[in-house]
Amino acid sequence: GEHNMQRREFLSGVAGAAALGLPQQSRAADQAAKFEVSELRYQGQAARVTYPELAEDLGFLAPIKLNWVGNTISGPQDIQAAVTKDVDFGGAFNGSIIKLIAARAKITAVVALAGCDKESWSGLFVLADSAIRKPLDLVGAKIGINTLGAQAEFDIATYLQRNGATAQQIAQVEKVVLPPLNAEQALREKQIDAVLLSDVLREVAVAHGGLRLLVTEYDLYGSATMDAYVLRTDFLQEAPNTSRRFAEATARAIAWAQTRRREEVVDRFVKIVRQRGRHESDEVVRYWRSVGIPHRGGLLDDSAFTPFIDWYVKNGLPAIGRVQVKDLYTNALNPYRDATFDRG
């Protein structure tokens, strides 16, 4: 297991230092020196813990540190910030990653960020007494979503298309962008007719009662990887050791959360939220259910991207058909591509 691996690494380091007659502390300096960048700037999410944050807390990222520059509620904004070098890594819906790469952005997905499974999904909700009973009742309705141009719109269009809606009908659905933390209240106050709620916020809203579920992401896609972390291509080239440590640490944090008891993961998240001092509630992370990423350590595969390419091409963005799936992502930095990693 992990303990053995660390012990092996440590022992080989000790042996190496002893063989060279070096004092032990210089190894730490050498370790730090081999990383081109010692600090990674990133955006967090209010009241949530991201896998890079978990990786840092578990000690997997050391000696590299994270530098939090603020929060985002938008995947497209986050990966755009990576392109413009305002942050060093970003994460988004895979469809958004595809669109940005199709627009010539030089980024590569390196590890999964989120997905859906039986436990973790976003769902489309209405109030229990809403007149919206079936998919086509959403035509002309206002639906609350977290951001434009990302997964929420894709989910709504997919749901309606599969239930016979025309492109014109889908265009009549009004999307209202709301901060996720305000979405439930907006539905209850009838500022919107329906809302997409994911994982934790969905659980909190359902616990408050009075909602009716129309469809879930799991109903639409089954178990699937939906989002990924990206690095800039130039960052990958100029900081290969840092890039590898980032992807490896994030992958190890994902595997840690995939293999620990739910209570242990939740306790860790609560501790992280309390310690970081961002004036957030720790209620949100208490509702965490599962990683929702189908492959161990966040390994990516073509199926995380091809459905979205196909959909965009079918729905009036033929240029996206030029994107080659192999140019979108790499598992080269993810240690779980070796099936035996971390199993001992």
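Right, let's walk through the structure included here.

About the cut-offs
- Residues numbered from 1 in each chain as written.
- Predicted model: local features only at pLDDT ≥ 70, side-chain atom pairs only at ≥ 80, totals over all residues.
- Heavy atoms only, no water.
- Helix = DSSP H or I, 4+ residues; strand = E, 2+ residues; numbered from the N terminus.
- Rg over C-alpha atoms; globule rule 2.2 N^0.38 Å.
- Buried < 20%, exposed > 50% of the residue type's maximum accessible area, 1.4 Å probe, protein only.
- Areas by Shrake-Rupley, 256 points an atom, 1.4 Å probe, with all protein chains shown as cover.
- Lys, Arg positive; Asp, Glu negative; His and termini not counted.
- Charge placed at Lys NZ, Arg CZ, Asp CG, Glu CD.
- Axes fitted to C-alpha atoms, helices over the stretch in contact; angles between N-to-C directions.
- Parallel < 35°, antiparallel > 145°, perpendicular 65-115°, else oblique.
- Left-handed = near helix turned anticlockwise from the far one by under 90°.
- Contact = heavy atoms within 4.5 Å.
- Nonpolar A, V, L, I, M, F, W, Y, C, P; charged D, E, K, R; others polar.
- Arc of directions from axis to C-beta.
- Polar contact = N/O pair within 3.5 Å; in protein donor to acceptor, adjacent residues only side chain to side chain.
- Salt bridge = Lys/Arg side-chain N within 4 Å of Asp/Glu carboxyl O.

**Here's the deal with the overall build of the chain**
Here is step 1 of the chain: A count of helices and strands for the chain gives 14 helices and 10 strands.
Here is step 2 of the chain: Expected size for 344 residues packed as a compact globule is a radius of gyration near 20 Å; at 21 Å, the chain falls within 12% of this value.
Here is step 3 of the chain: With respect to the three principal axes, the spread of C-alpha positions in the chain is 75 × 45 × 35 Å.
Here is step 4 of the chain: The buried share among the 344 residues of the chain stands at 51%.
Here is step 5 of the chain: Summed over all atoms, the accessible surface of the chain reaches about 15,900 Å², with 51% contributed by carbon and sulfur.
Here is step 6 of the chain: The positive charge centre, built from 41 side chains, and the negative charge centre, built from 41, are 2 Å apart in the chain.

**Some details on the packing of helix 6 (residues 151-162) against helix 14 (residues 306-314)**
Here is step 1 of the chain: Running from amino to carboxyl end, helix 6 crosses helix 14 at an angle of 70°, the nearest separation of the two axes being 12 Å. By the criterion of interaxial angle, the relationship of helix 6 to helix 14 is roughly perpendicular. When the axes of helix 6 and helix 14 are compared, the crossing they make is left-handed. Here Phe154, Ala157, Thr158 and Gln161 of helix 6 lie close against helix 14, whose contacting residues are Phe308, Trp311 and Tyr312.
Here is step 2 of the chain: Its residues placed into classes, the contact of helix 6 with helix 14 shows 5 nonpolar, 2 polar and no charged.

**Quick word on helix 4 (residues 75-83)**
Here is step 1 of the chain: Regarding helix 4, the residues found buried are Gly75, Asp78, Ile79, Ala81 and Ala82. For helix 4, the angular spread of the buried residues around the axis is 150°, confining them to a single face.
Here is step 2 of the chain: Buried residues along helix 4 sit against strand 1 (39-44), strand 3 (89-93), helix 5 (94-102) and strand 10 (224-232).
Here is step 3 of the chain: Looking at where helix 4 begins, the residue whose side-chain oxygen comes 3.0 Å from the main-chain nitrogen of Gln77 is Ser74.
Here is step 4 of the chain: Just downstream of helix 4 lies Lys85, where phi reads positive at about 65°.

**Some thoughts on the side chain of Asn334**
Here is step 1 of the chain: Positionally, Asn334 belongs in the segment after helix 14.
Here is step 2 of the chain: By relative accessible area, Asn334 is classed as buried at 0%.
Here is step 3 of the chain: At 2.9 Å, the side chain of Asn334 forms a polar contact with the backbone nitrogen of Tyr336.
Here is step 4 of the chain: Those residues in contact with Asn334, other than ones at most four positions away along the chain, are Val111, Ala251, Gly297, Gly298 and Leu299.

**Quick notes on the pattern of salt bridges**
Here is step 1 of the chain: What the rule picks out here adds up to 19 salt bridges.
Here is step 2 of the chain: Residue Asp57 is joined to Arg268 by a salt bridge in which the shortest nitrogen-to-oxygen separation is 2.7 Å. Taken together, the positions of Asp57 in helix 3 (residues 51-57) and Arg268 in helix 13 (residues 262-276) put the pair 211 residues apart, joining distant regions of the chain.
Here is step 3 of the chain: With relative accessibility at 23%, the residue Arg268 sits in the partly exposed group.
Here is step 4 of the chain: Note that Asp282 is salt-bridged to Arg286, the shortest N-O span being 3.3 Å.
Here is step 5 of the chain: Accessibility expressed as a relative area gives 39% for Arg286, which makes it partly exposed.
Here is step 6 of the chain: Members of the salt-bridge network, linked through shared partners, are Glu53, Arg276, Arg278 and Glu280.

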